[in-house]
Amino acid sequence: MSYDFHSSPNVAWMHFEQSAILTVHNHVITRNPRISVTHDKHRTWFLHISNVQEEDKGRYMCQINTVVAKTQFGFLHVVVPPNIDDSLSSSDVIVREGANETLTCRATGSPQPSVKWKRDDNSKITINKTLTVVEWEGDTLELTRISRLDMGAYLCIASNGVPPSVSKRIKVSVDFPPMLWIPHQLVGAPLAYSVTLECFTEAHPSSLNYWTRDDGQMIHDSRKYSTANVVGSPAYKTHMTLTIANIQQADYGTYKCVAKNPRGETDGTIRLYTSSPPTTSPRPTTTDAPSGRSKDSWAGSGDLNNSVYGNQTSLNTHLAEKGSKYQSNLNEIDKSEQKSSTDVDSKGVIYEWPSSEENSSNSRFKLTRICSAPLYILMATLALWTTQR
C-alpha cells in the first residue's frame, strides 16, 4: 500500500535507532502486534506499545509530513529487574584445603545490576590472611588458600534499583584428611565401674569413625561396649565416645579411636588403667583403743563401722566380752541414756552424756562417772557414822 505524503499532512512514528517506520496516520506499518496508534481529533497522535520489552527502548520520532517536515523526539527508558545468568555463574564447588578458588556471578538487567557477596550464616568472608569482610562487591569473589573455616554457602546478590533483587546460593565444600583431638590420653577407672573414653574428630568428607583394641580388631556394640558418634557444629566435627561397662582386669590396656575418609586416615591412643574407687566421705577420726584391748579388735570392719555410724560402740562390745560383771553396768548405762541425755551426780553437777554415735573414749568417760557415784555415797555414809559416834 502506498501513501501520498504531500496531498494532506500525515503523521508518522518511527523507531529512530532501528530506522523502522511504525505507523503512518491511522495505519500500523510494522508487523509488531504490540504497536498501535490513536489520535485526538487529528490534533494529538499517540503511539501505544503494549507489553514493553527491553528491545523497545530508545529514541522515537514523530514526524508531520508537511512541505517542511516537522519532527519531535522522545526517549523510552525500559528498566529490567536483575537476573543472574546461571550458565555464566559458578555452581557448587569442592576444593582441597589450601587451594585457591574464584566464584563468579554474572547478572543482567537494566540498568546494569551491581553484585555483592555475603555468607549465608552472616560470618565474615576471608579474602586473604590480612583481609576479612562482611560483604564483597564485584562479579567475582577470589578466595586464597581456602581453609575449612571458609566452608559453607555463599550468596551473590544482584540489584539495580528495580525490584525484586535476586540471589544465587553457591555451596563451597572444603576437603581435608581427618584430624583427631583426645582430651584425656590416660584414663583411670576402678574394677566393676563403667568408664567413657572420648575423641574429637574433624574431617571432610565425613569420616568413618570406629574404635579398636591393641590387636587392631574393631570394637562393636555389645553388653560390654557402647559407641556413639555425635555430629557437632560445623558439621565436619564429630564427638566419638566409647563406654565400657563393668570393667574387668582384661579391659585395662590400650584403645584406639580411628577416623578415615577418601583424603586420608588418622588414629589416637587412650590407655585405660586401674585406679582406686572414689571416696564419698572422709575417713573417720578414731581415738586410741582402751588399755588392755587387743589390736585385733580394730581389724574387723564391724568395729570400725560401729564407731562411725553409731550402732553399739566398740567399747561396749569389748567390755561385754570380759564377762557378766560389766554387762549389768553397761545395761544400766544404756537405760540411763534412753531416759535422758543428761544426769546429775551426787554433788549436783550436770553432765552431758554422749550419744551412742560418739567414739569409745566418750563411752569410757560414761562408765567412769557411773562407777564413781557409789564411792561418793560410801564416803558420805562413813562421815555421818563418825559424827554420830
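Check the entry above for the structure.
Here goes a summary of the coordinates provided. Given the structure is predicted, the values throughout are model-derived calculations rather than measurements.

**Things to note about the pattern of salt bridges**
Side-chain pairing between opposite charges can occur once the charged atoms of the two side chains come close.
Okay, so step 1: Under the criterion given, the structure shown has eleven salt bridges.
Okay, so step 2: The residue D86 makes a salt bridge to K168 at a minimum N-O spacing of 3.2 Å. Here the residue D86 occupies a position in the loop between strand 8 (80-84) and strand 9 (93-96), and K168 occupies one in strand 18 (residues 166-181), the gap between them amounting to 82 residues.
Okay, so step 3: The exposed category is assigned to D86, whose relative accessible area is 52%.
Okay, so step 4: Residue K168 is classed as buried on the basis of its relative accessible area, which comes to 18%.
Okay, so step 5: Of the charged contacts, one joins R106 and D139 as a salt bridge, the two residues approaching to 3.3 Å between their closest N and O atoms. Pair noted here: R106 is in the loop between strand 10 (101-104) and strand 11 (107-110) and D139 is in the loop between strand 15 (136-137) and strand 16 (140-143), with a separation of 33 residues, a long-range link.
Okay, so step 6: Residue D139 is classed as partly exposed on the basis of its relative accessible area of 34%.
Okay, so step 7: One network of salt bridges, in which partners are shared, links E97, R148 and E202.

**Brief notes about the pairing of strand 9**
Okay, so step 1: By the alternation rule, side chains of strand 9 split into V93 and V95, which are all buried, and I94 and R96, of which none is buried.
Okay, so step 2: In the sheet, strand 9 pairs with strand 18 via four bridges, with the strands oriented parallel. Across the sheet, I94 pairs through a bridge with S173, a residue of strand 18.

**Topic: the packing of aromatic side chains**
Okay, so step 1: Within this structure, the stated rule accounts for three aromatic pairs.
Okay, so step 2: When the centroid spacing of 5.3 Å and the interplanar angle of 85 degrees are considered together, the rings of F16 and F73 count as edge-to-face. A residue pair is termed long-range when its members are at least 10 positions apart, and F16 in the loop between strand 1 (11-15) and strand 2 (20-24) and F73 in strand 7 (residues 70-76) qualify at 57 residues.
Okay, so step 3: The class for F16 is partly exposed, based on a relative accessible area of 35%.
Okay, so step 4: For the pair W181 and F200, a centre-to-centre distance of 5.1 Å together with 40 degrees between the ring planes defines the contact as tilted. Residue W181 is found in strand 18, and its partner F200 is found in strand 20 (residues 195-204); the two are separated by 19 residues along the sequence.
Okay, so step 5: By relative accessible area, W181 is classed as exposed at 53%.
Okay, so step 6: It is R148 that lies over the ring of F176; its NZ or CZ is 3.7 Å from the centre.
Okay, so step 7: Directly above the aromatic system of Y255 lies the positively charged group of R213, at a separation of 4.3 Å from the ring centroid.

**Some thoughts on the pairing of strand 22 (residues 225-231)**
Okay, so step 1: Relative to strand 23 (residues 237-244), strand 22 runs antiparallel, the two sharing seven bridges. Pairing of V230 across the sheet is with H239, part of strand 23.

**A word on the sheet that holds strand 3 (residues 27-28)**
Okay, so step 1: Here we have five strands laid out as an open sheet, ordered 3-2-1-6-7, and antiparallel in their pairing. Both outer strands of the open sheet, strand 3 and strand 7, are each paired with one neighbouring strand and no more.
Okay, so step 2: Summarising the sheet, strand 1 and strand 6 (residues 58-64) pair through five bridges and their orientation is antiparallel. Bridge assignment links W13 to a residue of strand 6, and that residue is C62.

**A closer look at the side chain of R213**
Okay, so step 1: By the secondary structure assignment, R213 is in the loop between strand 21 (208-212) and strand 22.
Okay, so step 2: Buried charge without a salt bridge: R213, with D214 as the nearest opposite-charge side chain at an N-O distance of 4.4 Å.
Okay, so step 3: A polar contact of 3.2 Å, which involves the side chain of R213, links it to the side chain of Y255.

**Some words on the state of the cysteines**
Okay, so step 1: Taken as a whole and assessed by the stated rule, the structure comprises two disulfides.
Okay, so step 2: Covalently, C105 is tied to C156 through a disulfide, its sulfur atoms 2.2 Å apart. Between C105 and C156 the sulfur-sulfur dihedral comes to about 55 degrees; the bridge is accordingly right-handed. Placement of the pair is C105 in the loop between strand 10 and strand 11 and C156 in strand 17 (residues 152-159), with a sequence separation of 51 residues. Comparing C105 with C156, the two get one shared label, buried.
Okay, so step 3: The disulfide partner of C199 is C257, and the S-S distance across this bridge is 2.0 Å. Between C199 and C257 the sulfur-sulfur dihedral comes to about -75 degrees; the bridge is accordingly left-handed. Of this pair, C199 sits in strand 20 while C257 sits in strand 24 (residues 253-261), and the two are 58 residues apart along the sequence.
Okay, so step 4: Among the cysteines of the chain that take part in disulfides, numbered as they appear in the sequence, the pairing is 1-2, 3-4.

Conventions adopted
- Residues numbered from 1 in each chain as written.
- Predicted model: local features only at pLDDT ≥ 70, side-chain atom pairs only at ≥ 80, totals over all residues.
- Heavy atoms only, no water.
- Salt bridge = Lys/Arg side-chain N within 4 Å of Asp/Glu carboxyl O.
- Helix = DSSP H or I, 4+ residues; strand = E, 2+ residues; numbered from the N terminus.
- Buried < 20%, exposed > 50% of the residue type's maximum accessible area, 1.4 Å probe, protein only.
- Pairing = 2+ DSSP bridges.
- Phe/Tyr/Trp six-rings, centres within 6.5 Å; stacked < 30°, edge-to-face > 60°.
- Lys NZ or Arg CZ within 6 Å of the ring centre and 35° of its normal.
- Lys, Arg positive; Asp, Glu negative; His and termini not counted.
- Polar contact = N/O pair within 3.5 Å; in protein donor to acceptor, adjacent residues only side chain to side chain.
- Disulfide = S-S within 2.5 Å.

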